[in-house]
Amino acid sequence: MPSGKIQEILNELDNLMNRERKYIELVATVEYLLNLVEPSKREKFKEALYDAETVEDVYELIKAIKLQLGMQGARRYLLSVGEQ
């Protein structure tokens, strides 16, 4: 069993790796979702991803992308209903 100081260092490293892993997973999710965003809006979201500094920033960006995708879906639905 490692000493208290070594265990503390190991715990800090483990926490850092978990945070980084979560950030990487979230960035991959955003990259996927960006492919669903209409091209005219995509660049702004890419810039926001580039500017994101924390996991919380990326979560907020995902919320914004979900809103955008919802608006796109609603617009498509309304246009399809209008054509009938």
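Everything below is about the structure shown above.
Attention here is on the structure that accompanies the text.

Thresholds applied
- Each chain carries its own residue numbering, running from 1 in the written order of its sequence.
- Predicted model: local features are reported for residues with pLDDT of at least 70 only, side-chain atom pairs are reported and counted for 80 or more only, and whole-chain, interface and lining totals are derived from all residues.
- As a rule here, side-chain values come from all non-hydrogen atoms in the structure, and water together with hydrogens is ignored.
- Comment: elements are numbered from the N terminus, with helices defined as DSSP H or I runs of at least four residues and strands as E runs of at least two.
- The cut-offs for exposure are 20% and 50% of the maximum accessible area for each residue type, with area from a 1.4 Å probe on protein chains only; residues under the lower value are buried, those over the upper are exposed, and the others partly exposed.
- Any pair of N or O atoms that falls within 3.5 Å is considered a polar contact. Within protein, one atom must be able to donate a hydrogen and the other to accept it, and sequence-neighbouring residues count only if both atoms are side-chain atoms.
- Two residues form a contact once any of their heavy atoms are found within 4.5 Å.
- Multiply 1.5 Å by the residue count of a helix minus one, and that product is the helix's expected span.
- Patch members must show over 30% relative accessible area and no salt bridge, and they are joined within 9 Å when carrying like charges or within 5 Å when they are nonpolar side chains of Val, Leu, Ile, Met, Phe, Trp or Tyr.
- With residues, only the protein chains shown are counted as cover, and all accessible areas are computed by Shrake-Rupley using a 1.4 Å probe.
- In the sections that follow, a salt bridge refers to a side-chain nitrogen of Lys or Arg positioned within 4 Å of a carboxyl oxygen of Asp or Glu.
- Residues scored as positive are Lys and Arg, those scored as negative are Asp and Glu, and His as well as the terminal groups of each chain are ignored.
- Where a charge lies is defined by one atom per residue type, namely NZ (Lys), CZ (Arg), CG (Asp) and CD (Glu).
- Lines are fitted to the C-alpha atoms to define the axes, a helix being fitted only along its stretch in contact, and any angle between axes, read from their N-to-C directions, falls within 0 to 180 degrees.
- Any angle that is under 35 degrees is reported as roughly parallel, and any over 145 degrees as roughly antiparallel; angles of 65 to 115 degrees are reported as roughly perpendicular and all others as oblique.
- A crossing counts as left-handed when the near helix is turned anticlockwise from the far one by less than a right angle, and as right-handed when that turn is clockwise.
- Asp, Glu, Lys and Arg are counted as charged, while Ala, Val, Leu, Ile, Met, Phe, Trp, Tyr, Cys and Pro are counted as nonpolar; the rest, among them Gly, fall into the polar class.

Describing the side chain of Gln72
Part 1: Of note, Gln72 is situated in helix H3 (residues 55-83).
Part 2: Look at Gln72 and you get buried, because its relative accessible area is 2%.
Part 3: Separated by 3.1 Å, the side chain of Gln72 and the backbone oxygen of Leu36 make a polar contact.
Part 4: Contact partners of Gln72, with chain neighbours within four places excluded, come to Leu36, Val37 and Glu38.

Some remarks on H3
Part 1: For H3, with 29 residues, the first-to-last C-alpha span of 42 Å sits near the 42 Å given by 1.5 Å per residue.
Part 2: At its buried positions, H3 is contacted by helix H1 (4-34) and helix H2 (39-51).

Considerations on a negative patch on the surface
Part 1: A grouping of Glu43, Glu47, Asp51, Glu53, Glu56 and Asp57 is seen on the molecular surface, where their side chains present a negatively charged patch.
Part 2: Listed by contribution, the elements that provide at least two residues to the negative patch are H2 and H3.
Part 3: Ranked by the residues each element gives to the negative patch, the list is headed by H2, at three residues.
Part 4: Within the element layout of this structure, Glu56 appears in helix H3.

Remarks on the packing of H1 against H3
Part 1: Across the interface, H1 lies against H3 with an axial gap of 10 Å and an inter-helix angle of 20°. The orientation of H1 relative to H3 falls into the category roughly parallel. Like other packed secondary-structure pairs, H1 and H3 cross with a definite hand, here left-handed. Residues Arg19, Lys22, Tyr23, Leu26, Val27, Thr29, Val30, Leu33 and Leu34 of H1 form the contact with H3, whose participating residues are Val55, Val58, Tyr59, Leu61, Ile62, Ile65 and Leu69.
Part 2: Each residue belonging to the contact of H1 with H3 can be placed in one class, and the counts come to 13 nonpolar, one polar and two charged.

Keep in mind these numbers describe shape, not what the thing actually does.
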